[in-house]
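Results of the structural survey
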Amino acid sequence: MAFFKILRKTVVPEEDLKREKECLARIKETVSRKTGVEKFIDYDETTVAFSGSSDNMELILEISTMKGADGENFLYATVDDDVSWQEDNFDNLAELEADVAKYLSDRVGRTVKTVTEIDRNGFSVKSYYLDENGEWICFDDQTSDNKLVCFVAKRLTAPGETIKTYKLEAAE
């Protein structure tokens, strides 16, 4: 589970927990509708895995509440401690939920290839899914020529290619 979850207060105000659970339920419903997958691995009230097994969960979505610099609470979503969304970066909660659901729906039940390229002029991460005809279809292209982004990416990310199949494994 996420490092954040270890640091999180064990007592969450009831209204925050309710918002977290409702947000998670709406995201699960959207992913299910888009992918046709109806069952996921519920870890706890605010954490669910969309791939893997109960012993080896993958595509783990965690919803939590954070306090902003202005003192207001906002929802925070993270997948595999790798990709995150903050409610206060969106116009409303529905936009955050749609973005998270799209990210997950693009991967659930698919074989995904992620290609990371870094050079002195730019940084890019492209994701492809394998279609029924064996063709790689690009569904996400994150590219930047910002010098600061490239500088940080060179130090934190290795260029390369990964291929991963995201599916639920049958329970034994």
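Residues numbered from 1 in each chain as written. Predicted model: local features only at pLDDT ≥ 70, side-chain atom pairs only at ≥ 80, totals over all residues. Heavy atoms only, no water.

1. Some remarks on the sheet that holds strand β3 (residues 57-67)
Rule in force here: If DSSP finds at least two bridges between two strands, the strands pair. The numbering of helices and of strands both runs from the N terminus, where a helix is a DSSP run of H or I of at least 4 residues and a strand a run of E of at least 2. Interaxial angle, 0 to 180 degrees, is taken between N-to-C directions of lines fitted to C-alpha atoms, where a helix line uses only the stretch in contact. Residue contacts are counted whenever heavy atoms from the two residues lie within 4.5 Å of one another.
The strand order across the open sheet formed by five strands is β1-β2-β3-β4-β5, and the pairing between neighbours is antiparallel. Looking at strand neighbours, the two that pair on one side only are β1 (41-44) and β5 (83-86), the edges of this open sheet. Sheet twist, expressed as the average angle between the axes of neighbouring strands with direction ignored, equals 20°. Relative to β3, helix α2 (residues 14-35) is tilted by about 145°, and along the sheet it contacts β1, β2 (47-52), β3 and β4 (73-79).

2. Overview of the packing of α2 against helix α3 (residues 93-105)
Note the threshold: What sets the label is the angle itself: under 35 degrees gives roughly parallel, over 145 gives roughly antiparallel, 65 to 115 gives roughly perpendicular, and the rest give oblique. Less than a right angle of anticlockwise turn of the near helix away from the far helix marks a crossing as left-handed, whereas a clockwise turn marks it as right-handed. When residues are sorted by character, Ala, Val, Leu, Ile, Met, Phe, Trp, Tyr, Cys and Pro go into the nonpolar class, Asp, Glu, Lys and Arg into the charged class, and all the rest, Gly among them, into the polar class.
Viewed as axis vectors pointing N to C, α2 and α3 meet at an angle of 45°, and their least axial separation amounts to 9 Å. When the axis of α2 is compared with that of α3, the two are oblique. Crossing geometry of α2 relative to α3 is assigned as right-handed. Of the residues in α3, those touching α2 at R19, C23, R26, I27, T30, V31, K34 and T35 are L93, L96, E97, V100, A101, K102, L104 and S105. Considered class by class, the residues forming the contact of α2 with α3 number eight nonpolar, three polar and five charged.

3. Digging into the pattern of salt bridges
The line we're drawing: Put simply, a salt bridge is a Lys or Arg side-chain nitrogen that is within 4 Å of an Asp or Glu carboxyl oxygen. Only protein chains enter the accessibility calculation, which uses a 1.4 Å probe; a residue is then buried when its area is under 20% of its type maximum, exposed when over 50%, and partly exposed in between.
Across all of its chains, the model carries eight salt bridges by this definition. Of the charged contacts, one joins R19 and E87 as a salt bridge, the two residues approaching to 2.7 Å between their closest N and O atoms. Here R19, found in helix α2, pairs with E87, found in the loop between β5 and α3; they are 68 residues apart in sequence, far enough to count as distant. You can call R19 partly exposed: its relative accessible area is 29%. Put simply, E29 and R33 hold a salt bridge, and the shortest N to O gap is 3.9 Å. Separated by four residues within a single helix, E29 and R33 lie in helix α2, roughly one turn from each other. Take E29 and R33: they sit in the same class, and that class is exposed.

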